[in-house]
Amino acid sequence: MNLSEISLLIQSFFLCLSSVFGERNTKDYLKREHSLTKPYSDERWDYIGSTISTNSYVRLTPDHQSRKGAIWNTAPCLLRDWELHIHFKVHGKGTDLFGDGFAIWYTKDRSELGPVFGSKDYFVGLGVFFDTYVNQDTRHSHGHPYISAMVNNGSLHYDHDRDGTHTELAGCESHFRQTVHETYVAVRYERNKLKVSTDIHGKNSWVTCFEVNGVKLPTGYYFGASAATGELADNHDIISMKLYDIGISHADEEDSSSIDYSKIEPSAEFFAPHRDHIKDESTASDSSGWSGFFIFFLILLAVGVVGVVAFALIGKSQDRKRLY
């Protein structure tokens, strides 16, 4: 085989590769109007609250108390099926106590600060929560940090005291905070199925956190991210958000062309099993300790009163004896 034949063979090989990857990219490609990447100069993103941008990251909150910050895409998403990749970093000076966490949003309303990881309560749409602090009056069967999802039509309240367990679709424990590796999460919505995966161990591969079927989300909502700190704090950084059109065909679905997917109400057929609200053991023990002390004090006081009365009666009896 001469040199020209070898060269032709190599060209043919790379031509085949390009055709394969070219076909893949037409079905799964980046939507720049919904993506945030360095140098963070895209005017289609709003920065609100404590959010600042640097050359390396967008910081939603610094490692300081009582801060709220968010970023919101100004372009509504018209895709029925999509996958959002978030490169993030949660870190700070705290070793045992830190918080509160951050959230990724796909909602009807945007750019409103509030109590749910920096954004509004009673939202309409999807929230994926990255909770780093377990509240003291709730007992869980899982550890923290914890990733969970909630779908809301505007009627549900996210209960921070219960860490949102009563409105949770599903969740998983994930030690994404203060890691030595880069941390990523993928939120995929495809054919009414929500899937959340993580890559936090430096293996360059996705690990499924949870999958939930029967999730209905309309088109025309907005992507965003928010974070909050309270008495405890952390740095919550977004390094990139990249939205991909996954190009799913719906030709096999009946009446799919006649449905206005912008009018669908957000809903979910499945919620995580209900867990009763149980007070923390330390709170219960403190309460029982104070009640025990109070009861002991009352008994001691009663004994004292009885003793004083008895002493007075004995004294009067002695006085009467002296008169005789």
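Please refer to the structure placed before this passage.
Residues numbered from 1 in each chain as written. Predicted model: local features only at pLDDT ≥ 70, side-chain atom pairs only at ≥ 80, totals over all residues. Heavy atoms only, no water.

## Side note on the sheet that holds strand β9 (residues 124–131)
- Across the sheet, which stays open at both edges, the 7 strands sit in the order β2-β5-β16-β7-β9-β10-β11 with antiparallel pairing between neighbours. Two strands close off the open sheet at either side, each with one partner strand: β2 (45–49) and β11 (170–173). Across the sheet, the mean angle from the axis of one strand to that of its neighbour is 15 degrees, orientation sign disregarded.
- Where strand β7 (residues 101–107) and strand β16 (residues 222–228) come together, 7 bridges link them in antiparallel fashion. Paired with Ala103 across the two strands is Ser226, which belongs to β16. (Pairing = 2+ DSSP bridges. Helix = DSSP H or I, 4+ residues; strand = E, 2+ residues; numbered from the N terminus. Axes fitted to C-alpha atoms, helices over the stretch in contact; angles between N-to-C directions.)

## Quick look at the environment of Glu168
- Within the element layout of this structure, Glu168 appears in the loop between β10 (146–153) and β11.
- Once the C-alpha coordinates of Glu168 and Val128 are considered, the two residues, 40 residues apart in sequence, prove to be 9.7 Å apart.
- Within the structure, the side chain of Glu168 is placed 2.9 Å from the side chain of Tyr146, a separation counted as a polar contact. (Polar contact = N/O pair within 3.5 Å; in protein donor to acceptor, adjacent residues only side chain to side chain.)

## Description of the pattern of salt bridges
- All chains considered together, the criterion is met by 11 salt bridges.
- Close ionic contact of Lys31 with Glu33 constitutes a salt bridge, the shortest N to O distance being 3.5 Å.
- On the basis of relative accessibility, which here comes to 15%, the residue Lys31 falls in the buried class.
- We note a salt bridge from Asp234 to Arg177, for which the minimum N-O separation is 2.6 Å. Of the two residues, Asp234 is situated in the loop between β16 and β17 (235–245) and Arg177 in the loop between β11 and β12 (183–190); the sequence distance between them amounts to 57 residues. Just as Asp234 is buried, Arg177 falls in that class too.
- A cluster of three or more residues bridged by salt bridges with shared partners is formed by Glu83, Arg188 and Glu190. (Salt bridge = Lys/Arg side-chain N within 4 Å of Asp/Glu carboxyl O. Buried < 20%, exposed > 50% of the residue type's maximum accessible area, 1.4 Å probe, protein only.)

## Here's the deal with the environment of Thr132
- Relative to the helices and strands, Thr132 resides in the loop between β9 and β10.
- Looking at Thr132, the relative accessible area reads 5%, which means it is buried.
- A sequence separation of 43 residues divides Thr132 from His175, and the C-alpha atoms of the two residues are 8.9 Å apart.
- Setting aside chain neighbours within four positions, we find Thr132 in contact with Val90, Phe98, Gly99, Asp100, Gly101, His144, Pro145 and Phe176.
- In terms of polar contacts, Thr132 uses its side chain to reach the backbone carbonyl oxygen of Asp100, at 3.1 Å. (Contact = heavy atoms within 4.5 Å.)

## What to know about the state of the cysteines
- One pass over the full model with this rule turns up 1 disulfide.
- Note on cysteine connectivity: Cys172 is disulfide-linked to Cys209, with sulfurs 2.0 Å apart. Judged by the torsion about the S-S bond (-110 degrees), the Cys172/Cys209 disulfide is left-handed. Of this pair, Cys172 sits in strand β11 while Cys209 sits in strand β14 (residues 207–213); the two residues are 37 residues apart in sequence, bridging distant segments of the chain. (Disulfide = S-S within 2.5 Å.)

## A look at the packing of aromatic side chains
- All chains considered together, the criterion is met by 17 aromatic pairs.
- Aromatic side chains Trp82 and Tyr189 sit 5.9 Å apart centroid to centroid with 40 degrees between the ring planes, which places their arrangement in the tilted category. With Trp82 in strand β6 (residues 82–91) and Tyr189 in strand β12, this residue pair connects regions lying 107 residues apart in the sequence. The exposure classification of Trp82 matches that of Tyr189, with both residues buried.
- For the pair Trp105 and Phe123, a centre-to-centre distance of 4.9 Å together with 75 degrees between the ring planes defines the contact as edge-to-face. Remark: Phe123 occurs in the loop between β8 (113–116) and β9 and Trp105 occurs in strand β7; sequence separation between them is 18 residues.
- Positioned above the aromatic ring of Tyr261 is the side chain of Arg80, whose terminal nitrogen or guanidinium carbon lies 3.7 Å from the ring centre.
- Geometry around Tyr222 places Arg110 over its ring, the cationic atom sitting 5.4 Å from the centre. (Phe/Tyr/Trp six-rings, centres within 6.5 Å; stacked < 30°, edge-to-face > 60°. Lys NZ or Arg CZ within 6 Å of the ring centre and 35° of its normal.)

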